[in-house]
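# A closer look at the structure
Below are the chains, spelled out letter by letter.
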Amino acid sequence: MTRSTQLQVSVHEPAGTVPPPAISPFWRTVGALLSNPLALTGLIIVGLLVLVALIAPLVAPQNPYDLGQLDIMDGRLAPGSESMTGMTYLLGTDDQGRDLFSAILYGLRTSILVGVVSAAIALMIGACIGLISAYAGGRTDAVLMRIVDIQLSFPAILIALILLAVLGQGVDKIIIALVVTQWAYYARTVRGSALVESKRAYIDAARSMALPDRRVIFRHILPNCLPPLIVVATMRVAYAIMLEATLSFLGIGLPVTEPSLGLLISNGFDYMMSGD
């Protein structure tokens, strides 16, 4: 380093100056989210829906799936009607006397649970497969990506219908079906981002230090793949909730004893088509 370069460094970087701490990709993503008014508004709305779903037993005036609280004489009441006990049905009741407002809250709770759990499991499986595929390369990458291509070539609802026809109804069964239909999207997304990151200089430096492959993959590559992964996960959670509602609407998702938005839509559809 020449003397002039040293002088320039001393001018721009005074002695004793502490460099700012490095910000992780995760916190950069959080900061970008909080600085966007539209994203922050959407986050607040989603947070309120999740909060209402979690405290549904405390907010709902009735447990619509407790047979001891139902009265068949209160069936098909109009919105705003009162029961024999004085309880007001804000959105009316169905043919079995269930309070529809309470049923929506309980159904929202189940749908969010199924969507979030299935998306989280699919994310972990897909992220691991995508990272291994991008890091290993060669034949391993080709085989794994051909499996992903085969998975993505079939409609998700078709795969879910086949699996539920074999496994049967239930929350655990529909979570398995949703995981099988979603993991390939995460694998494809993570692989694309990991291929870019694996060519960076810091990955070459990590390899030159003889770090274990597991540490290079999950400590260095994965954190820098989070921004696109978060975007895909957000969309896939909404799609999982929609797919669960579709399967329940068709009568092969959740049983009638479980609260579900799809079952509520199905009941409303049958009521509209009945002409009553």
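Since the model is a prediction, treat every value here as computed from it, not as a measurement. (Residues numbered from 1 in each chain as written. Predicted model: local features only at pLDDT ≥ 70, side-chain atom pairs only at ≥ 80, totals over all residues. Heavy atoms only, no water.)

### Here we look at the pattern of salt bridges
Note the following rule: Between Lys or Arg on one side and Asp or Glu on the other, a salt bridge is scored when a side-chain nitrogen of the former is within 4 Å of a carboxyl oxygen of the latter. Helix numbering and strand numbering both begin at the N terminus, where a helix is a DSSP run of H or I of at least 4 residues and a strand a DSSP run of E of at least 2. Relative accessibility thresholds used throughout: buried, under 20% of the residue-type maximum; exposed, over 50%; partly exposed, between the two (1.4 Å probe, protein chains only).
A full pass over the atoms with the stated rule returns 5 salt bridges. Arg 191 serves as the salt-bridge partner of Asp 141, at 2.7 Å between the closest nitrogen and oxygen. Of the two residues, Asp 141 sits in helix α6 (residues 138–153) while Arg 191 sits in helix α8 (residues 171–197), which places them 50 residues apart along the sequence. Both residues of the pair, Asp 141 and Arg 191, belong to the buried class. Note that Asp 172 and Lys 173 form a salt bridge whose closest N and O atoms lie 3.5 Å from each other. For Lys 173, a relative accessible area of 23% gives the class partly exposed.

### Notes on the side chain of Arg 236
Spelled out, the test is: When charges are tallied, Lys and Arg are placed among the positive residues and Asp and Glu among the negative ones, while His and the ends of the chain are skipped. Contacts are assigned to residue pairs with any non-hydrogen atoms lying within 4.5 Å of each other.
Note that Arg 236 resides in helix α11 (residues 226–249). Salt bridges are absent for the buried Arg 236, whose nearest opposite-charge side chain, Glu 244, sits at 14 Å. Ignoring any residue separated from it by four or fewer positions in sequence, one finds Arg 236 in contact with Gln 182, Tyr 185 and Tyr 186.

### Quick word on the packing of helix α3 (residues 37–54) against helix α5 (residues 100–136)
Here is the rule we go by: An axis is simply a line fitted to the C-alpha atoms; with a helix, the fit covers only the stretch in contact. Between two such axes, the angle follows the N-to-C directions and lies from 0 to 180 degrees. Comment on the angle field: the value is read as roughly parallel under 35 degrees, roughly antiparallel over 145, roughly perpendicular from 65 to 115, and oblique elsewhere. The residue classification treats Ala, Val, Leu, Ile, Met, Phe, Trp, Tyr, Cys and Pro as nonpolar and Asp, Glu, Lys and Arg as charged. All others, Gly included, are polar.
Following both chains from N to C, one finds α3 and α5 inclined at 110°, their axes separated by 8 Å at the closest point. It follows from the interaxial angle that α3 and α5 lie roughly perpendicular. Facing Leu 49, Val 50, Val 52, Ala 53 and Leu 54 of α3, the residues of α5 in contact are Leu 105, Leu 108, Arg 109 and Ile 112. Within the contact of α3 with α5, the residues separate by chemical class into 8 nonpolar, no polar and 1 charged.

### Here's the deal with α6
Keep this limit in mind: A helix is expected to reach a length of 1.5 Å times the quantity of its residues less one. Directions drawn from the helix axis to the C-beta atoms are what define this arc.
For α6, with 16 residues, the first-to-last C-alpha span of 23 Å sits near the 22 Å given by 1.5 Å per residue. Taken together, the buried positions of α6 are occupied by Asp 141, Met 145, Val 148 and Gln 151. Buried residues in α6, looked at end-on, bunch into an arc of 110°, giving them a common side. Those residues of α6 that are exposed and angled more than 90 degrees off the buried face are Arg 139, Ile 150 and Ser 153. As for α6, its buried residues are in contact with α5, α7 (156–167) and α8.

### Re the nonpolar core
Stated formally: Within this scheme, the nonpolar core is defined by two criteria: the residues are buried Ala, Val, Leu, Ile, Met, Phe, Trp, Tyr or Cys, and they are joined through side-chain atoms within 4.5 Å.
Residues Ile 174, Tyr 186, Val 216 and Ile 221 are the most contacted members of the largest nonpolar core, which totals 36 residues. When residues in this core are grouped by element, the largest group, 11 residues, is from α8.

### Some points on the packing of helix α9 (residues 201–208) against helix α10 (residues 213–221)
Put simply, the rule reads: Crossing handedness is read from the near helix: turned anticlockwise from the far helix by less than a right angle, it gives a left-handed crossing, and turned clockwise, a right-handed one.
At a minimum axis distance of 11 Å, the contact between α9 and α10 shows a crossing angle of 150°. When the axis of α9 is compared with that of α10, the two are roughly antiparallel. Crossing geometry of α9 relative to α10 is assigned as right-handed. The segment α9 lies against α10, with Tyr 202, Ile 203 and Ala 206 engaging Val 216, His 220 and Ile 221.

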